[in-house]
Amino acid sequence: MKAQELQPLALKDVLDYSTVPHNVARYISPELGMVRSIEGVSDISHIFFKGQPYRLTEGRVLYLRSGYVCMRLNLIEIKVEAHQLKVISPDTIIELQEISPDCDITMLAIANSFMENWQREKLLAAYLQGTADVILRLDEAAERRMEEIFTLIWNILQDSPFSHESIQGMISVLFHQIGYFQNRGLSGKKETSTRQEEVFDRFIRLINKHAVNERNISFYAENLFLTPRYLSTLIKETSGKTVMEWVNEAVIQEAKLMLCHTDKLVYQIADELNFPNASFFCKFFHRMTGKTPNGYRCANRQKRL
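Residues numbered from 1 in each chain as written. Predicted model: local features only at pLDDT ≥ 70, side-chain atom pairs only at ≥ 80, totals over all residues. Heavy atoms only, no water.

Ranked by internal contacts, the top residues of the largest apolar core, which has 37 residues, are Leu 85, Leu 108, Ile 171 and Ile 178. Looking at this core, the elements with two or more residues in it are strand E3 (32-35), strand E5 (59-66), strand E8 (84-88), strand E10 (104-110), helix H2 (122-128), strand E11 (133-137), helix H3 (140-157) and helix H4 (164-183). Per-element tally for this core: the top contributor is H3, with eight residues. Among the nonpolar cores identified, the runner-up in size contains 36 residues, and Phe 203, Trp 246, Val 247 and Ala 255 belong to it. (Core = buried A, V, L, I, M, F, W, Y, C linked by side-chain atoms within 4.5 Å. Buried < 20%, exposed > 50% of the residue type's maximum accessible area, 1.4 Å probe, protein only. Helix = DSSP H or I, 4+ residues; strand = E, 2+ residues; numbered from the N terminus.)

Before going further, it helps to spend a moment on helix H7 (residues 228-239). Between its terminal C-alpha atoms H7 stretches 16 Å, which fits the 16 Å expected from twelve residues at 1.5 Å a residue. Buried residues along H7 sit against helix H5 (195-210), helix H6 (217-223) and helix H8 (243-261). Directly beyond the C-terminal end of H7, a positive phi value near 80° is found at Gly 240. (Expected span 1.5 Å × (residues − 1). Contact = heavy atoms within 4.5 Å.)

Another aspect to go through is the confidence of the model for the protein. Averaged over the protein, the pLDDT score is 87; the fraction of residues at 70 or greater is 87%. In this model, residues 1-7 is a region of pLDDT below 50 whose contacts with residues beyond four sequence positions or in other chains number 23 contacts. (pLDDT = per-residue confidence, 0-100.)

At a minimum axis distance of 11 Å, the contact between H8 and helix H10 (residues 278-289) shows a crossing angle of 105°. Classified by the angle their axes make, H8 and H10 are roughly perpendicular. Along the contact surface, H8 presents Asn 248, Glu 249, Val 251, Ile 252, Ala 255, Lys 256 and Leu 259, while H10 presents Phe 281, Phe 284, Phe 285, Met 288 and Thr 289. The class makeup of the residues in the contact of H8 with H10 is eight nonpolar, two polar and two charged. (Axes fitted to C-alpha atoms, helices over the stretch in contact; angles between N-to-C directions. Parallel < 35°, antiparallel > 145°, perpendicular 65-115°, else oblique. Nonpolar A, V, L, I, M, F, W, Y, C, P; charged D, E, K, R; others polar.)

Spelled out as structure tokens, the structure:
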């Protein structure tokens, strides 16, 4: 098996593993990737394992015709079901948990560089900046529209060479249409959030960004303009977990990324994650996962989808 050296999952890495980058079900380039149906990933599924976290270099737009996909995105568990569309921003940490046997999916992956110098509308700009969080429940008319847009993108990609500007335009149209459907009330998320939910969302963004270096409740409370006691109460009431449980999960997520996708030694990972020594890190990892770091690494390098 090829040595795992890179922590992110990027289109260029998929391209390296794929013996046939373009076929009847997929198109892969360093800046743009499209899977027309689940068959487009069946022969390269060995690069994406269940239960392993990956940091997505490029974001994704997922549209499910049937079945469902369960995953964790930046520590939050979600389920994308048939007739739903999900936008996942770049730099998201994703962990695939389950794909139903009847799943049929269209996926578009877009590198930020591909849309360089393009006039960006609001939702597309949020996606490229890593802040878009969209899930839509599509009605029959909306599904037809999405199918038409994805089909046109796919057909343009079959031209040799394809028109870069045409694909940029179609991606812009796609995000305009997603924004339009979102404004029409097709969002799979609640229309309004409570203040507690808004604070929780901001808290999760903070720990995904800072947990490796900041494990003190006071840091998160100060950044959210709350007292440590109030933040602790709010997070527990909203999620059922304590602040430190979320911080520890974020640290373990980073540890898993390094164990699965780099060849760094355990003591090097312990140092990068700011543990006092490798022994302390190993005890922490075992307490959180039930496995030693090397045991987790060995087990997950053998897994297949």
